[in-house]
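# Understanding the architecture of this molecule
For reference, the chains in residue letters:
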Amino acid sequence: MSTASAPAGAQTIVRQAPASPVRHWLRLFRSELRIVFLRPRNLALLGVLSVAPVFLGVVLRINTPPPGAGGPSGAGEFIGQVADNGVFLSLLAIFVLMTLVLPLSIAVVSGDSIAGEAGLGTLRTLLTVPAGRIRLLVTKYLMIVVFSVVACVLVAGLGLLMGAMLFPIGPVTLLSGDTVSLADGLGRLALIVGYVAIALAALGALGIALSTFTQHAIAVMAAVLVIVMISEILDAVSQVAVIHPYLPTHFWLSFDALLRIPVAWSQVLHGITSFGVYTVIFGAVAWIRMRRANVTC
Amino acid sequence: MTLTGPVRADIPAGETVGETGLAIATSGLSKRFRGGQLAVDDIDLAVPPGSVYGFLGPNGSGKTTTIRMLLGLVHPTGGTFRLLGTDLRAGLEPVLPRVGALVEGPAFYPFLSGRQNLARCDAADRTADLATARTRIDHALDQVGLLAAADKRYRAYSLGMKQRLGIAAGLLRPRDLMILDEPTNGLDPQGTREIRSLIKQIAADGTTVFVSSHLLAEVEQICSHAGVMSTGRLVFQGTMAQLRSRGEPRILIRTAAPAKAAGVLSGLGLGPVELADASVSAPLGAHAPEQINADLVQAGVPVAGLETVRPSLEDLFVELTGEGFDVNG
């Protein structure tokens, strides 16, 4: 306390000129990333996400399905193609992990975002610094977006790597039967990774909104997963087809539109719009709640 | 000693929080939680700058809720307050960098080291000086004696070390005000001493310290001022000397003839007289003890000892806040 020698009132002298808000924000964001990517639980999740493409690749290499095998749509479409072209291992990995593990990891990270800090008590520490309630919320959400991108790139990247090691790689035969160059195919894969990351980021908005209501991160994770499951079940019931386009998970796997010629852009746009609307709604809920909440834990 | 209603020692009734020059000034501050529970009921705190203010009260009397309101964690449902004379219409965030805080025990990330945890706190501060972060963090660790354990994980810290790290977070930059909520909660006597000397050191540097506690001994040793909470209300506020002087002095006479002595005391107009086996006592009032002694001797009472006693701080505290659970039962 050697510098705090003046009594109250005379202290403004020692306060330095405020540095750039951007640099300060980047510092908080880096700190946030460090917290998320150093947390053992999150590292375990990323581990599970990386094991999946490797496992799928090895299984399909040992027990190669005949070319063209599998069902007419869904995972089967991709399984049949993997033996011909390793690029499809990447798509298969995304497809398979989108059913549970990718949404689960976003549920964990977004559930942790505010509720986890509240549960640890670090939320009050951060807010009295003061980190700024909305500044913290925005930082946390951007961290969730980054985590979504990292998770998708990890799965797709490892899928591609395993695909290249275990299977032939070359011009890509699309689901519509057209064949495009490898570069074109990889471009489409990149778009799919982006699309899925946006879908997960929208799920993250739901998670962070729920996360502002409790100090139990596990409750948020469970709630997010239950919502995902209910949405997927409803999406499979044709009697309620009228609500299907409004379900949060309805467009998750619509990325197959990018694997056709011509690309069904309207389907892609519907998906992006749906994710955008969900992000805005739950972002607003989180914002209002974060501004008003009494932090009593 | 009779106590009726809240005592507002320093702010005249009805005055709103204005240019008071106080480190903390609240006016009618209240918090009613959803569900109707009135946790803090119309309190007028006046914490003078440079003071060490002990915020006393039994558990559940509203101390922590008050502190949470002062720090912007909980929104008041009534009243106003000022920290360090700053107008809070623009929100608390401009003034909070001048306030160090430890709220309801330390809270850090168990998987990070002490140093990493402080770096995390500092990173959240949008007005922190980036160039000096490293030296400031080390200085704060040094002040609380944690430099040697700086790279240990927080999870491996003892309770005392955790509390000290919590205080270190408040010392990351020069502060005008430190708000410490139960900083010695759960500590052994050794740890309590460490925290106490730390608080003295912080106060010696000119920082106003607002420290809540349910431990009287602690407050008695380090505080210049005190406020006493009871079921959400501020039942006393003033200097420690004022708090002590609230207790009416009593005359205590040790004698083999207590009944006779009681008669003398009653004759002098002292009362009510309390009679025990070998002693007798009564409120002293305006009487001089030496005169009482003379009268006793004159009346032939064998006086073995005579003294004026003040109620202990604990007696005062209990008197102010009620017995809590039935201690006699």
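Here the structure is a predicted model, which means the values were calculated and not measured.

Secondary structure summary: chain B contains 10 helices and 14 strands in total. Along the three orthogonal principal directions, the C-alpha set of chain B runs to about 80 × 45 × 35 Å. Per-residue burial over chain B gives 46% buried out of 329 residues. Nonlocal contacts in chain B, meaning residues at least 24 apart in sequence, comprise 71% of its contacts between residues at least 6 apart.

The extent of an interface is frequently quoted as the accessible surface area lost upon association of the parts. Listed per partner, the contact involves 40 residues of chain B and 37 residues of chain A. Those elements giving two or more residues to the side of chain B that touches chain A turn out to be α2 (114-124) and α5 (189-204) of chain B. With four residues, the single largest contributor to the side of chain B that touches chain A is α2 of chain B. Residues belonging to the side of chain B that touches chain A are distributed by class as follows: 22 nonpolar, eight polar and 10 charged.

One finds Leu 92, Val 155, Val 196 and Leu 200 of chain A together with Ala 168, Ile 179 and Val 209 of chain B to be the most contacted residues of the largest nonpolar core, which totals 160 residues. Ranked by residues supplied to this core, first place goes to helix α8 (residues 182-211) of chain A with 17 residues. Among all residues touching Val 196 of chain A, those that are not within four sequence positions of it are Ile 94, Met 98, Cys 152 and Phe 255 of chain A. In terms of nonpolar packing, the next biggest core, distinct from the first, is built from 12 residues, Val 264, Leu 270, Val 280 and Ala 282 of chain B among them.

Residues and elements named next belong to chain A. Contact geometry of α8 with helix α10 (residues 265-292) gives a least axis separation of 8 Å together with a crossing angle of 20°. Taken together, the axis directions place α8 and α10 in an arrangement best described as roughly parallel. The way α8 lies across α10 gives a crossing that is left-handed. Contact residues: Tyr 195, Ile 198, Ala 199, Ala 201, Ala 202, Ala 205, Leu 206, Ile 208 and Ala 209 in α8; Val 268, Gly 271, Ile 272, Phe 275, Tyr 278, Thr 279, Phe 282, Gly 283, Val 285 and Ala 286 in α10. Looking at side-chain class alone, the contact of α8 with α10 contains 16 nonpolar, three polar and no charged residues.

Further remarks concern the sheet that holds strand β6 (residues 99-102) of chain B. Residue and element names in this part refer to chain B. Ordered by their spatial adjacency, six strands build an open sheet running β6-β7-β8-β4-β9-β10, and the pairing between neighbours is mixed. Of all strands in the sheet, those with a lone pairing partner are β6 and β10 (233-239), marking the two edges. This sheet shows a mean twist of 15° between the axes of neighbouring strands, independent of strand direction. The sheet contact formed by strand β4 (residues 52-56) and strand β8 (residues 208-213) spans five bridges and is parallel. Residue pairing for β8: Phe 55 is matched across the bridge by Ser 212. Where helix α4 (residues 159-170) meets the sheet, it contacts β6 and β7 (177-181), and its direction lies at approximately 165° from that of β6. Across the sheet, α5 is in contact with β4, β7 and β8; its angle to β8 comes to roughly 155°.

Moving on: the confidence of the model for chain B. Residue and element names in this part refer to chain B. On average, residues of chain B score 86 in pLDDT, and 91% of them reach the 70 mark or higher. Of the regions scoring below 50 in pLDDT, residues 1-18 engages in 31 contacts with residues more than four places distant in sequence or in other chains. Contacts from residues 325-329, a stretch scored under 50 in pLDDT, to residues over four places away or in other chains number zero contacts. The ipTM assigned to the predicted complex is 0.84, against a pTM of 0.85.

On to the environment of Ala 261 of chain B. Residues and elements named next belong to chain B. Along the chain, Ala 261 falls in helix α8 (residues 258-267). According to the C-beta neighbour criterion, Ala 261 is buried, with 27 such atoms within 10 Å. A sequence separation of 176 residues divides Ala 261 from Gly 85, and the C-alpha atoms of the two residues are 56 Å apart. Beyond its immediate sequence surroundings of up to four residues, Ala 261 is in contact with Ile 253, Thr 255, Val 280, Leu 296 and Val 301.

Bringing the sheet that holds strand β14 (residues 303-309) of chain B into the picture now. All names here are of chain B. The strand order β12-β13-β11-β14 describes an open sheet built from four strands, whose pairing is antiparallel. At either end of the open sheet lies a strand with only one pairing partner, and these are β12 (274-275) and β14. In the sheet, β12 pairs with strand β13 (residues 279-283) via two bridges, with the strands oriented antiparallel. If you follow Glu 274 over to β13, its bridge partner there is Ser 281. Running at roughly 20° to β13, α8 makes contact with β11 (250-255), β12 and β13 of the sheet. Those strands touched by helix α9 (residues 289-298) are β11 and β14, and its axis lies near 155° from that of β14.

All right, on to α5 of chain B then. Residue and element names in this part refer to chain B. With 16 residues, α5 ought to run about 22 Å at 1.5 Å a step, and its terminal C-alpha atoms sit 22 Å apart, in line with that. Taken together, the buried positions of α5 are occupied by Thr 192, Glu 194, Ile 195, Leu 198, Ile 199, Ile 202 and Ala 203. Looking straight down α5, one finds its buried side chains confined to an arc of 170°; they lie on one side. Turned more than 90 degrees off the buried face of α5, the exposed positions are Pro 189, Gln 190, Ser 197 and Ala 204. Residues of α5 that are buried make contact with β4, α4, β7, β8 and α6 (216-222). Remark: Gly 206 follows α5 within two positions and exhibits a positive phi of approximately 100°.

Let's shift gears to the packing of helix α2 (residues 40-62) of chain A against helix α4 (residues 87-98) of chain A. All names here are of chain A. Taken N-terminus to C-terminus, the directions of α2 and α4 make an angle of 125°; their axes are 10 Å apart at the nearest point. Here α2 is positioned oblique relative to α4, judged by the angle of their axes. You can see that α2 and α4 cross each other, and the crossing is right-handed. Contacts from Leu 49, Ala 52, Pro 53, Leu 56 and Gly 57 of α2 reach α4 at Leu 89, Leu 92, Ala 93, Val 96 and Leu 97. Along the lines of polarity and charge, the residues of the contact of α2 with α4 split into nine nonpolar, one polar and no charged.

This part covers the environment of Asp 235 of chain A. Residues and elements named next belong to chain A. Structurally, the position occupied by Asp 235 is in helix α9 (residues 217-236). For Asp 235 and Leu 247, which are 12 residues apart along the polypeptide, the C-alpha to C-alpha distance reads 7.2 Å. The contacts of Asp 235, once residues within four sequence positions are left out, are His 244, Leu 247, Thr 249 and His 250.

With that out of the way, let us pick up the pairing of β14 of chain B. Residue and element names in this part refer to chain B. Sparse coverage of β14 is indicated by the burial of zero of its seven residues. The pairing of β11 with β14 spans six bridges and is classified as antiparallel. Looking across to β14, one finds that Arg 254 is bridged to Gly 305.

Reading the values: the criteria
Residues numbered from 1 in each chain as written. Chains lettered and ligands numbered in written order. Predicted model: local features only at pLDDT ≥ 70, side-chain atom pairs only at ≥ 80, totals over all residues. Helix = DSSP H or I, 4+ residues; strand = E, 2+ residues; numbered from the N terminus. Buried ≥ 20, exposed ≤ 12 C-beta atoms within 10 Å, placed from the backbone. Contact = placed C-beta atoms within 7 Å. Nonpolar A, V, L, I, M, F, W, Y, C, P; charged D, E, K, R; others polar. Core = buried A, V, L, I, M, F, W, Y, C linked by C-beta atoms within 7 Å. Axes fitted to C-alpha atoms, helices over the stretch in contact; angles between N-to-C directions. Parallel < 35°, antiparallel > 145°, perpendicular 65-115°, else oblique. Left-handed = near helix turned anticlockwise from the far one by under 90°. Pairing = 2+ DSSP bridges. pLDDT = per-residue confidence, 0-100. Expected span 1.5 Å × (residues − 1). Arc of directions from axis to C-beta.

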